[in-house]
Amino acid sequence: MQINQRQSANQKAFAIAAATAIVAALAVGACGGGDGADASAGSAPETIPQPSQAQLAAANLDKLPVAPESERVDITAPTFSNPTEITNPLFPISDLQSVIFSGKVEGKPFHTETTLLPETKMVEWSEGQWVETLVSQYMAYIDGRVEEVALDHYAQADDGSVWYLGEDVLDYSNTKGLIDGTAGTWLAGRDGPIEMIMPGDPQVGDVHRAENIPGIAFEEVTIKRINKTVDGPTGPVEGAMIARELHDDGTYSDKVFAPGYGEFFSGHGSEIEAMALAVPTDALSGPVPPELEALSTAANDLLDPALSGNWSSAAAAEKAAAGAWDRYQRGEVPPRLAAEMDRALKTLGAAIDAHDRDAAGTAAIDVAQSTLDLELRYRPQTEIDLARFELWARQILVDGAAGDMGGVNGDVATLDWVRDRFAHTVEPADMTRIDTHLEVLREAVVDVDRKAAVDEAPRLLKAIEAARQTT
């Protein structure tokens with residue numbers, strides 16, 4: 001579904017509207033509330049109804065080499081007493097504040113940020129059976145631009161298994177920065193059955209369907225190995241689970257899940273997504289090291305001269321950043337984050353040498369974002385996300401100066417989503433000011449008014465700085 005520019009003023013509002021038009025109204029679900037236990041309007045089911053053979057055939061899934069039900073561990077209906085305490089070591093959503101993946105998709109750099117949001121959602125997964133779920137925000141970027149956003153809903157059953165109860169998916173055009181469709185959106189009880197994302201006691205040969213909505217989303221997972229040691233962001237990780245995932249097109253992905261991290265690696269053909277960092281699993285105590293503080297200062301000093309074309313100052317700041325990075329990486333640095341920083345600094349140096357303002361501005365922000373990835377080990381997640389928010393506001397200035405309205409659209413959409421990660425920690429008056437400026441930016445997207453967006457970005461930056469002083 002293509003959303004035109006005038007339709008995408010409030011990206012999140014239209015995301016819900018677009019999903020409604022495609023799959024049906026979001027009739028169930030609300031934030032918070034309840035003790036998390038099933039509400040018994042009727043007797044709890046003993047088994048989970050599965051898609052019929054006719055449904056599989058209608059979705060062209062009837063020829064897939066799926067496992068017999070005798071091998072599946074996701075048929076018996078779960079019981080939920082404390083569903084938002086998700087502590088399964090191979091999918092510990094309750095304990096993970098922020099997770100970063102990196103990799104390569106379509107030959108381009110791929111980066112994701114997954115963040116546990118403060119709200120919960122009630123889902124009626126079977127008639128009369130409601131469960132409170134955690135909400136996890138997933139944001140994927142290809143070549144530095146937002147490509148997909150998903151809100152995933154999870155709950156843990158009494159036997160330790162973790163269940164997937166739906167996702168709201170928004171795909172973005174990488175060039176227009178607007179919502180391009182909502183394919184993959186589903187909700188348990190509305191579109192199909194509740195689905196297991198991780199067994200409570202995984203064993204080799206066990207099979208479960210992580211997605212089981214023919215025509216919308218289908219993934220069947222077979223466990224191949226358990227208790228394997230894998231290389232993690234900061235050293236070996238014991239007790240990992242290796243699985244193979246069958247997709248609706250008949251292809252397979254290799255999957256790894258690791259204690260303290262959850263999903264750890266996914267490989268599908270030439271496309272790879274791998275764990276770069278997770279907090280608090282990889283968090284460190286103590287202050288930010290002085291070498292990393294110097295890198296952060298140099299990264300922020302890059303922004304103005306890169307934008308203004310002050311190449312001598314930009315070159316000096318780039319040299320300072322490269323020096324600080326060289327000193328910091330003499331210690332232990334997560335290798336995938338190191339690779340992203342190396343790439344960002346190399347791109348920045350080339351842009352400065354070429355006196356390319358547009359490329360230098362974006363590369364300077366990329367260096368600053370990569371610095372925040374490293375600082376996530378030392379600083380609170382919400383503090384890091386407020387700083388990310390500020391950088392996306394600065395990206396509007398870069399894209400606006402380049403005449404890139406599609407880039408501005410994507411920047412505003414990204415601001416909208418990142419906002420939800422830290423808003424609950426900001427003073428209400430400060431958050432109101434930030435939201436007021438965000439609304440002006442949304443209107444600029446609606447009006448295809450690049451100048452209005454560029455004019456508003458500095459006002460938003462001032463509101464962010466004011467909020468930082470009182471947070």
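Scoring rules and cut-offs
Residue numbers here run from 1 along each chain, matching the order of that chain's written sequence. Predicted model: local features are reported for residues with pLDDT of at least 70 only, side-chain atom pairs are reported and counted for 80 or more only, and whole-chain, interface and lining totals are derived from all residues. In computing side-chain values, all of the structure's heavy atoms are included and hydrogens and water are not. Helix numbering and strand numbering both begin at the N terminus, where a helix is a DSSP run of H or I of at least 4 residues and a strand a DSSP run of E of at least 2. Buried means the residue's accessible area, taken with a 1.4 Å probe over protein chains only, is under 20% of the maximum for its type, while exposed means over 50%, and partly exposed covers the values in between. Any pair of nitrogen or oxygen atoms within 3.5 Å is treated as a polar contact; in protein, a donor-acceptor pairing is required on top of that, and neighbouring residues in sequence qualify only through side-chain atoms on both sides. Here, residues are in contact when the closest pair of their heavy atoms is within 4.5 Å. Think of it this way: a Phe, Tyr or Trp ring, Trp meaning its six-membered ring, pairs with another when their centres are within 6.5 Å, and the plane angle makes it stacked under 30 degrees, edge-to-face over 60, tilted otherwise. Think of it as a cone above the ring: NZ of Lys or CZ of Arg counts as a charge over the ring if it is within 6 Å of the ring centre and within 35 degrees of the ring normal. Note on definitions: salt bridges are taken to be side-chain nitrogens of Lys or Arg within 4 Å of carboxyl oxygens of Asp or Glu. Here the expected length of a helix is defined as 1.5 Å per residue gap, with one fewer gap than residues. On a scale of 0 to 100, pLDDT captures the predictor's confidence in every residue. The axes are straight lines fitted to the C-alpha atoms, using for helices just the contacting stretch, and the angles between their N-to-C directions are given from 0 to 180°. Just so you know how the angles are binned, under 35 degrees is roughly parallel, over 145 roughly antiparallel, 65 to 115 roughly perpendicular, and the rest oblique. For any helix crossing, the convention is left-handed if the near helix is rotated counterclockwise from the far helix by under a right angle, and right-handed if that rotation is clockwise. By the convention adopted, Pro, Cys, Tyr, Trp, Phe, Met, Ile, Leu, Val and Ala count as nonpolar, Lys, Arg, Asp and Glu as charged, and the other residues, Gly among them, as polar.

Asker: Could you clarify how one ought to interpret unusual backbone geometry in this entry?
Answerer: Negative phi values dominate among residues other than glycine, just as trans dominates among peptide bonds. Going from V279 to P280, the amide bond is cis rather than trans, its omega being 15°. Structurally, the position occupied by P280 is in the loop between β14 (271–279) and α3 (290–308). Despite not being glycine, N227 has its phi angle at roughly 60°, a positive value.

Asker: Would you explain the side chain of R145 in this entry?
Answerer: Within the secondary structure, R145 sits in strand β4 (residues 145–156). Among the residues examined, R145 registers a relative accessible area of 18% and is labelled buried. One polar contact links R145 to D399, side chain to side chain, over a distance of 2.7 Å. Sequence-distant contacts of R145, that is, excluding residues within four places in its chain, are made with A140, N174, Q395, D399, D404, G407 and D411.

Asker: Hey, could you run me through the packing of aromatic side chains in this one?
Answerer: Across all of its chains, the model carries 8 aromatic pairs by this definition. With 5.1 Å between their ring centres and 70° between their planes, F389 and F422 make a pair best called edge-to-face. Highlighted residues: F389 in helix α7 (residues 381–401) and F422 in helix α8 (residues 405–422), separated in sequence by 33 residues. Each member of the pair, F389 as well as F422, is classed as buried. Lying over the aromatic face of Y252, R244 brings its terminal NZ or CZ to 3.7 Å of the ring centre.

Asker: How should I be thinking about the pattern of salt bridges in this particular structure?
Answerer: Working definition: two side chains of opposite charge can pair if their charged atoms are close together. Applying the stated criterion across every chain yields a total of 29 salt bridges. Measuring nitrogen to oxygen at the nearest pair gives 3.8 Å for the salt bridge that ties K255 to E245. Of this pair, K255 sits in strand β12 (residues 252–258) while E245 sits in strand β11 (residues 235–247); the two residues are 10 residues apart in sequence, bridging distant segments of the chain. One exposure class covers both K255 and E245, and it is buried. Across the salt bridge formed by D326 and R330, the nearest N and O atoms sit 2.9 Å from each other. Residue classification places D326 among the partly exposed positions, given a relative accessible area of 37%.

Asker: Mind showing me how you'd approach α7 here?
Answerer: Residues spaced three or four apart along an α-helix point in a common direction, a consequence of the helix completing one turn every 3.6 residues. End to end, α7 covers 31 Å across 21 residues, agreeing with the expected 30 Å (1.5 Å per residue, within 8%). Most of α7 is tucked away, with 18 of its 21 residues classed as buried.

Asker: Quick question: what am I supposed to make of the confidence of the model for the protein chain here?
Answerer: Note: predicted coordinates in regions of low pLDDT should not be interpreted at a detailed level. Summary statistics for the protein chain give a mean pLDDT of 90 and a share of 91% for residues scoring 70 or more. Counting contacts from residues 1–41, a segment whose pLDDT is below 50, to residues more than four positions away or on other chains yields 100 contacts.

Asker: I tried to follow the packing of α8 against helix α9 (residues 428–446) on my own but got confused; where do I start?
Answerer: When two helices pack together, their arrangement is captured by the angle between the axes and the distance separating the axes. Two elements in contact, α8 and α9, have axes whose closest approach is 10 Å; the angle formed by their N-to-C orientations is 155°. Classified by the angle their axes make, α8 and α9 are roughly antiparallel. Note that α8 runs across α9; the crossing there is left-handed. Of α9, the residues touching α8 (which contributes M405, N409, V412, L415, D416, R419 and F422) are M431, D435, L438, L441, R442, A444 and V445. In terms of residue class, the contact of α8 with α9 is built from 9 nonpolar, 1 polar and 4 charged.

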